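Coordinates in review
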Amino acid sequence: MGLLFHKDTVKSTNTSVKEYYDLLDKNDYIALYSDVQEAGRGRLGRTWESLSDDNIYLSIMMKRKIENINFLTIIAGVSVCEVLEDIEGLEPKIKWPNDIFVNGKKLSGILTECSYSGSTLSYFVIGIGVNLNNESFKDFQDIATSVYKETKKKYDKVEIIKKIIDQLNKNIDKYGNKEFDIQAYEKRIFHLKREVYFEGEKVLTKGIDDIGNLIVENQKGEELKLTFSEISIKL
Ligand code: BTN
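Residues numbered from 1 in each chain as written. Predicted model: local features only at pLDDT ≥ 70, side-chain atom pairs only at ≥ 80, totals over all residues. Heavy atoms only, no water.

**Some points on the side chain of Asn70**
The following threshold applies: Comment: elements are numbered from the N terminus, with helices defined as DSSP H or I runs of at least four residues and strands as E runs of at least two. Accessible area is worked out with a 1.4 Å probe on protein chains only. A residue is then buried under 20% of its type maximum, exposed over 50%, and partly exposed in between. Two residues form a contact once any of their heavy atoms are found within 4.5 Å.
On the secondary structure map, Asn70 appears in helix H2 (residues 70-85). For Asn70, a relative accessible area of 10% corresponds to the buried category. Leaving out residues up to four positions away in the same chain, Asn70 has contacts with Ile211, Asn213, Thr227 and Phe228.

**Observations concerning the environment of Leu72**
Turning to its location among the elements, Leu72 is positioned in helix H2. Leaving out residues up to four positions away in the same chain, Leu72 has contacts with Ile66, Thr112, Cys114, Phe124 and Ile126.

**Observations concerning the packing of aromatic side chains**
This is how it is decided: Within 6.5 Å between ring centres, the rings of Phe, Tyr and Trp (the latter by its six-membered ring) count as paired, and their orientation is classed by plane angle as stacked under 30 degrees, edge-to-face over 60, tilted in between. Criterion for a charge above a ring: Arg CZ or Lys NZ at most 6 Å from the ring centre, at most 35 degrees from the ring normal.
The full count for this structure, using the stated rule, is five aromatic pairs. Ring centres of Tyr21 and Tyr123 lie 5.0 Å apart, and the angle between their planes is 55 degrees; on these two criteria the pair is classed as tilted. Remark: Tyr123 occurs in strand S7 (residues 120-130) and Tyr21 occurs in the loop between helix H1 (13-16) and strand S2 (29-37); sequence separation between them is 102 residues. Residue Tyr123 is classed as buried on the basis of its relative accessible area, which comes to 14%. A cation over a ring is seen here: Lys154 above Tyr148, with NZ or CZ 4.8 Å from the ring centre.

**Some words on H2**
Our working definition: A helix is expected to span 1.5 Å multiplied by its residue count minus one.
Over its 16 residues, H2 runs 23 Å from end to end, which matches the ideal 22 Å to within 8%, given 1.5 Å per residue. H2 sits mainly inside the fold: 15 of its 16 residues count as buried.

**Structural notes on the environment of Ile231**
Within the secondary structure, Ile231 is located in the segment after strand S11 (223-226). Ile231 gets classed as buried once you look at its relative accessible area, which sits at 2%. Not counting residues within four places of it along the chain, the set of residues in contact with Ile231 comprises Lys95, Trp96, His191, Val196, Tyr197, Phe198, Leu214 and Leu226.

**Considerations on unusual backbone geometry**
Put simply, Trp96 and Pro97 share a cis peptide bond, and its omega is -5 degrees. Tracing the backbone shows Pro97 in the loop between strand S4 (93-95) and strand S5 (99-102). The backbone of Lys193 shows a phi angle near 60 degrees, a positive value even though the residue is not glycine. Its location among the elements puts Lys193 in the loop between helix H5 (183-186) and strand S8 (195-198). Here the phi dihedral of Glu199 falls at roughly 50 degrees; this positive angle occurs in a residue that is not glycine. With respect to the helices, strands and loops of the structure, Glu199 is situated in the loop between S8 and strand S9 (201-208).

Listed below in C-alpha cells is the structure:
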C-alpha cells in the first residue's frame, strides 16, 4: 500500500517528496508528482526541463531493503520501459545507465538518490521524468522527444504515473524474491556490442554482468566494468 500526492508546482519532486518521510512508517511507498518543477534536477548536476505541465515529473520514496543499490537504477529503467512499451507504436530502449530513448532521442530520465544512516541504506527516492504530451521543447528540440511527438496521440498522465508506480513495486518485489532477471535490462539496451565513448576513448560494449555493471573493452583489449559512469554515443 502506498500514497500518491499531487502538487501544482515544486522546485523538484525528488526534494519535496521527502517532506512526507514520516508517512513511510505505515506505507510501502510515498509518491509525488507535480505539474511543473521550477528547478528539476538531472543526473551529474544537470537540470531537467520541467516547465510543461504536459509531462511527468514523479518521485517515489521507499524504505525497502536493497542488497545492491545498482539495481535501483536498473529496476527503475526496466519498469518505465515496460509501461511505455504498452503504448502502441512506441519502442523505448535504454541507454546506459538509465536514460530511455526512442528513435535516437531522449524520452525519459531517471535520478535515483539514496539516504544512509551510517553505512545502512535508510531510504531512497527514484525520480522519473517522462516527456509525455508536450508538442515541442524549449532548448532540447534536437535531442529530446515525447510520447506525443512519436505517436501523435495524447495520454492520461495520472494513468501512466499509476502504471509506473505499480510496475516499479512489482519489479522491486521480484528483486527481493531473487526473481528479477538482469536480462530484462540487458535486452533493452540499444548500444550493446557497439562502439561508444568512455572518458573520450572508443570502447566496445560487451554486456551487463550479474551485479549490474556495464562491461566494455578498450582499444588495448582490456575489459573495464563501469558502475555509474557516463558513456557517449554517436547516433
Ligand atoms: C537525467 O536524465 O539526468 C535524470 C532526469 C530526472 C528527472 C526527474 S523529473 C522528477 C524528478 N525530480 C527531479 O528534480 N528530477 C527527477
